[in-house]
Each structure stands twice: as structure tokens, then as C-alpha cells.
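Now for the letters of each chain:
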Amino acid sequence: MGIQPVAISVDSPELSRDLCQKAGYTFTFLSDPKADVIRRYDLLHPGAGIDGQDVARPAEFLLDSSGTVRWVNLTENYWVRARPEQILEVAKTLR
Amino acid sequence: MKARRFNLPIWVGFLVTLIAFFSYFFVFVWFPVTRDFPWANLLLFGIAAALLLVGVRRAFAPDRPKRSKIAAAILATLSVAIFGFFVFATFINARRLPDSHGAPQVGQKAPDFTLSDTNGRPVSLSQLISARTEQEGRTDPKGVLLIFYRGYW
């Protein structure tokens, strides 16, 4: 489909590498340990980490080839995440 | 009457309560149908409640020893507490999320950034977007899906 997933969290590159190896993920994982980008995207969830550190709230953005946001999912319940079908449906409309 | 000595419903009820609680985080969370709304777990909690009710009534029958009543009271209280914590974790705590009104909206440009990948190499968003364009030459839809997540810890 030509959609490149990019996962972003406050986890260190090492931690993400472990996760990728364990789970078999091959897509890009980016590390934002100081939550600079997470803050710029207004996705900071202060103190919500396991040790009370600041983490990102779950959020998904589908960008087209110009970098424009075409679809956003800001869940109201962190157990409820975007489903692949939802994203593929929007991806069909991208040119 | 040996069968009357052991209060099976109360113990099974407590066990089902534990299963109802932990199965969400270890089993049902992996399936969108049972994760988005924990109906499977609520069903299990319902079964547990029925068993516990039977167990408590049995324990408080006049011919039962005192320790049976104490055990039933403790198990029933623990079960209610576990159910309460489950409701808190899935319905209340999970909804305490920031509003994120300032997040990029549909139609807006996503702000560019540069972050390290798992090999410690800097990667920018513009790089990721243009990488797709270069690979093109076909009419497939293309794009980047940014997934912000809480972290693996």
C-alpha cells in the first residue's frame, strides 16, 4: 500500500531495538527521550509513565507525500487504538 | 456431611474474579473486539458475582462454622475490590488523557522533526516522506503513518 509506519515514544533507541527484536517489527522506531517532538505535537501525557515520567498519549497521524495530515486518531481511551482497516481505508484516498 | 464442609462456590467465584481481571491484560487486550470494550471480562465478573453470592449465602447458613463466614467475607470483599480496580483501570484511568487540542489537524502540515532511530542514527520526518516519493514510479497511494505510543518501558 506504500504506507510507511513510524513509531515514536520516549523509549531509548536500545529499548526500542529490544522491542523490535522481540516482537519482530521491521518498521522505523524513533526515540524522543526528552519528549521534545511529543510536546511540539501537543501529545504529552505528564507523569503517565510507569515511573511517573512524561510519556506520549497514544495518537496516530496519516500523512500524505507532501507531509499534510490526512487522518488523525486521538483516542479517548488508551485501550482503544486505531485498527489497521481504518488506516487502510484512508490510505486508499491518498495519491 | 463432607460436601457441606467445603464452600466450593465461594472459592471458584474468587478464582473466576482473578481470571476476569487478568485475562483482559494478558489475553483479551490482543483482540480489538474484546479490548475496545471489555465485555468478555464483564461477563466473567458476572459469573463470578453469581458464584460469590451463592457462596456467601452458604457460608452464612446457621450450621456453618465461624471461619467459613470469615473466609467468605474476605473472599467476597477482595473480589469486589478487584472488580472495582478493573473498572477504574479500563473505564476511568484509561480515559484520563490530555485533550491535545494543539495536535496537528487534518489539512495541516505535520511539523518536521529529527529523532534517533534504533541504531542511533538521526532520521527526519521530511526524509521519511521524501523516501517514499523517491521509491515511487507507480500509482500506489503513499504516505507516512506516525504512531505515538506510551512506551514499552
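Remember, predicted model here, so these are calculated numbers, not experimental data. (Residues numbered from 1 in each chain as written. Chains lettered and ligands numbered in written order. Predicted model: local features only at pLDDT ≥ 70, side-chain atom pairs only at ≥ 80, totals over all residues.)

Draft legend 1. View of the overall build of chain A. What chain A contains, in helices and strands, is 3 helices and 6 strands. The order of helices and strands in chain A, counted from the N terminus, is β-α-β-α-β-β-β-β-α. Its C-alpha atoms give chain A principal-axis dimensions of about 40 × 30 × 25 Å. Within chain A, the proportion of its 95 residues that are buried is 37%. (Helix = DSSP H or I, 4+ residues; strand = E, 2+ residues; numbered from the N terminus. Buried ≥ 20, exposed ≤ 12 C-beta atoms within 10 Å, placed from the backbone.)

Draft legend 2. Broad picture of the overall build of chain B. In terms of helices and strands, chain B carries 6 helices and 3 strands. For chain B, the N- to C-terminal ordering of α and β elements is α-α-α-α-α-β-β-α-β. In terms of overall dimensions, chain B is more spread out than a globule: its C-alpha atoms have a radius of gyration of 26 Å, far above the 15 Å expected for 153 residues. Among the 153 residues that make up chain B, the fraction classed as buried is 27%. When contacts within chain B are restricted to residue pairs at least 6 apart in sequence, long-range pairs at least 24 apart make up 55% of them. (Rg over C-alpha atoms; globule rule 2.2 N^0.38 Å. Contact = placed C-beta atoms within 7 Å.)

Draft legend 3. Main features of the confidence of the model for chain B. Looking at chain B as a whole, the pLDDT averages 89, with 90% of positions reaching at least 70. If you check the scores for this complex, the pTM reads 0.80 and the ipTM reads 0.93. (pLDDT = per-residue confidence, 0-100.)

Draft legend 4. Structural detail: the interface of chain B and chain A. Contacts between the two partners involve 49 residues from chain B and, on the opposite side, 62 residues from chain A. Those elements that provide at least two residues to the side of chain B that touches chain A are α3 (32–35), β1 (114–116), α6 (125–134) and β3 (143–148) of chain B. Here the side of chain B that touches chain A is composed, by residue class, of 25 nonpolar, 15 polar and 9 charged. Examined bridge by bridge, strand β5 (residues 59–63) of chain A and β3 of chain B share 5 bridges and lie antiparallel to one another. Residue pairing in the sheet places L62 of chain A in a bridge with L145 of chain B of β3 of chain B. (Nonpolar A, V, L, I, M, F, W, Y, C, P; charged D, E, K, R; others polar. Pairing = 2+ DSSP bridges.)

Draft legend 5. Looking closely at the packing of helix α2 (residues 8–26) of chain B against helix α5 (residues 66–92) of chain B. Residue and element names in this part refer to chain B. Direction vectors running N to C along α2 and α5 enclose 15°, while the axes themselves pass 10 Å from each other. Judged on the interaxial angle alone, α5 and α2 are roughly parallel. Viewed along their axes, α2 and α5 form a crossing whose handedness is left-handed. Along the contact surface, α2 presents I10, G13, F14, T17, F21 and Y24, while α5 presents A72, L75, L78, S79, I82, F83, F86 and T90. Looking at side-chain class alone, the contact of α2 with α5 contains 10 nonpolar, 4 polar and no charged residues. (Axes fitted to C-alpha atoms, helices over the stretch in contact; angles between N-to-C directions. Parallel < 35°, antiparallel > 145°, perpendicular 65-115°, else oblique. Left-handed = near helix turned anticlockwise from the far one by under 90°.)

Draft legend 6. Quick peek at unusual backbone geometry. Residues and elements named next belong to chain A. Not every positive phi belongs to a glycine, and A35 is a case in point at roughly 60°. Looking at the secondary structure, you find A35 in the loop between β2 (28–31) and α2 (36–40). Within the chain, D42 stands out as a residue other than glycine whose phi angle is a positive 55°. Considering the arrangement of structural elements, one finds D42 in the loop between α2 and β3 (44–45).

Draft legend 7. Main features of α5 of chain B. Spanning 27 residues, α5 of chain B covers 38 Å between terminal C-alpha atoms, matching the ideal 39 Å at 1.5 Å per step. Taken together, the buried residues of α5 of chain B touch α2 and α4 (39–59) of chain B. (Expected span 1.5 Å × (residues − 1).)

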